[in-house]
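# Structural overview for review
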Amino acid sequence: RENENDLPLNTLWRKYKNQLFTCFMLVVIGEYTGLNAINFYSSSIMLGANAGSVLTPQEIMLIRFVNLGMGVLRILTALSASFFMDKFGRKALYIFGDIVCTVAMALLALSLHLGYPHLSKGMVLFYSFGASLCFALVNPVYFAECLPFKAICFLMFLDNVMSLSIVFGFPT
């Protein structure tokens, strides 16, 4: 590609309209999968599973460890998923990650409804694993392959704006 960093935005739009639309839709879909809701509200979700009871210091520490585990799990999954992406392809990884996310969200809703706090903690971790396999890993790789740097920066800006709008739009 010629020096695309010097192109004005209207030229970038004309030249990469289809790729920008596809990548933008992946960002929007990624925002509405629940990944940010799980990340930002995981403590509230786990506290909600214990609704009506007083939490002991051990339970509060367990919730903190689950939140820490989410971050560690996502890093380890992202590191190991690059191997699986090369072996099985992006599409298979995306579909598998989506299936894991769907099952985890269904079981999380069921565990919260039935009042099983330990199952809800496990489903938060299971969901983080699935999300790390699909949206968190595949999107940036795809963006870098089909868009110039300026367009990637614009998409990441939109992604962060949408994340912030969800956080501030639905406070705990």
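How each quantity is defined
- Residues numbered from 1 in each chain as written.
- Predicted model: local features only at pLDDT ≥ 70, side-chain atom pairs only at ≥ 80, totals over all residues.
- Heavy atoms only, no water.
- Helix = DSSP H or I, 4+ residues; strand = E, 2+ residues; numbered from the N terminus.
- Expected span 1.5 Å × (residues − 1).
- Bend = angle between axes of the 7 residues up to and from the residue.
- Contact = heavy atoms within 4.5 Å.
- Core = buried A, V, L, I, M, F, W, Y, C linked by side-chain atoms within 4.5 Å.
- Buried < 20%, exposed > 50% of the residue type's maximum accessible area, 1.4 Å probe, protein only.

### What about helix α4 (residues 57-88)?
Taking 1.5 Å per residue as the helical rise, α4 with its 32 residues ought to reach 46 Å, and the 44 Å between its terminal C-alpha atoms agrees with that figure. Residue A81 marks the point of greatest curvature in α4, where the axis turns by about 30°. G89 sits one or two positions beyond α4 and adopts a positive phi of about 95°.

### Looking at the environment of F84
In this structure, F84 sits in helix α4. Those residues in contact with F84 that sit more than four places away from it in its chain are G89 and L93.

### Brief notes about the nonpolar core
Counting 28 residues, the largest nonpolar core has I38, Y127, F143, L147 and L155 as the members making the most contacts within it. Within the residue set of this core, elements represented by two or more residues are α2 (17-31), α3 (35-49), α5 (90-114), α6 (117-133), α7 (135-146) and α8 (149-169). Sorting elements by how many residues they give to this core places α2 first, with five residues. Beyond its immediate sequence surroundings of up to four residues, Y127 is in contact with T33, G34, L35, I38, C101, A104 and M105.

### Things to note about the environment of M46
Mapped onto the fold, M46 is located in helix α3. A relative accessible area of 0% places M46 in the buried class. For the pair M46 and E59, spaced 13 residues apart in sequence, the C-alpha to C-alpha distance is 9.8 Å. Those residues in contact with M46 that lie beyond four places of it in its chain are I63, V66, N67 and K121.

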